[in-house]
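# Understanding the architecture of this molecule
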Amino acid sequence: MAENVKFSCGCGALKGVLHDASPATGCHLICYCKDCRAFARHMGRLDALEPYGGSPLVQVLPAKIEIAEGAEHIACLRFSEKGLHRWYASCCRTPLANTVGTSKVPMAGMWCPLFESTNAFGPVVTLGFTKMALPGSGRPRKDKGLARMLGSLIKRSMSAYLSGTARQGPFFTPDGSPVAQPQIASAAEREAAYRE
Ligand SMILES: [Zn+2]
Ligand SMILES: [Zn+2]
């Protein structure tokens, strides 16, 4: 059963709803990559990570994300010219989602701590980049569910293109420009964000 799940930034100035959330319409994952962790560190949100430095995310179709209030707080950071677009709420520096640099790929990896509840997403099915997990005896050793993640992205993308919603969402305008000019992190910011 798909549900509409509310989300909000830390201070509550930005609020929204993810429509039709279900295990079939999203991919609930934990990403252990350094870049996601650096973003959480840069935003002061390391405390929201899973053990061993995993970022809790749900990959969804951007068209399903509705920002009801505070869209003017949407900001974007990139760690490099080639890095993902990492969107956040500038009012309180809460991560929102990561996307690639174009709305042609209908994918947003939303930051799970935003949500009132993650029950609608079902259990975590994908573990990515576990090689970069922080050390410790219980750290995940193997990636899991990557084929499933890719399959779910392809399926979502195809149905979005068929229904004409592929390029919609809160992060790009209808002509495909980012709604906020991405800032590229400075060398010093990058260094601090990646220091573990
Ligand atoms: Zn806020
Ligand atoms: Zn990552």
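Now for a quick tour of the structure.

## Quick notes on the sheet that holds strand β5 (residues 65-69)
In spatial order, the strands read β1-β2-β5; together these 3 strands make up an open sheet with antiparallel pairing. At either margin of the open sheet sits one strand with a lone partner, and together these are β1 (3-8) and β5. Here the strands of the sheet are splayed against their neighbours by 25° on average, with no regard to which way each runs. Here 4 bridges tie strand β2 (residues 15-21) to β5, and the two strands are oriented antiparallel to one another.

## Examining the environment of Arg-41
Here Arg-41 is to be found in helix α1 (residues 34-42). By C-beta crowding, Arg-41 is classed as partly exposed, having 18 other C-beta atoms within 10 Å. In this structure the C-alpha to C-alpha distance between Arg-41 and Ala-89, which are 48 residues apart in sequence, comes to 15 Å.

## Focus on the nonpolar core
Formed by 47 residues in total, the largest nonpolar core has its most connected members in Leu-96 and Met-110. Setting aside anything within four residues of it in sequence, one finds Leu-96 in contact with Ile-74, Trp-87, Tyr-88, Ala-89, Met-110, Trp-111 and Leu-114.

What counts and how
Residues numbered from 1 in each chain as written. Chains lettered and ligands numbered in written order. Predicted model: local features only at pLDDT ≥ 70, side-chain atom pairs only at ≥ 80, totals over all residues. Pairing = 2+ DSSP bridges. Helix = DSSP H or I, 4+ residues; strand = E, 2+ residues; numbered from the N terminus. Axes fitted to C-alpha atoms, helices over the stretch in contact; angles between N-to-C directions. Buried ≥ 20, exposed ≤ 12 C-beta atoms within 10 Å, placed from the backbone. Core = buried A, V, L, I, M, F, W, Y, C linked by C-beta atoms within 7 Å. Contact = placed C-beta atoms within 7 Å.

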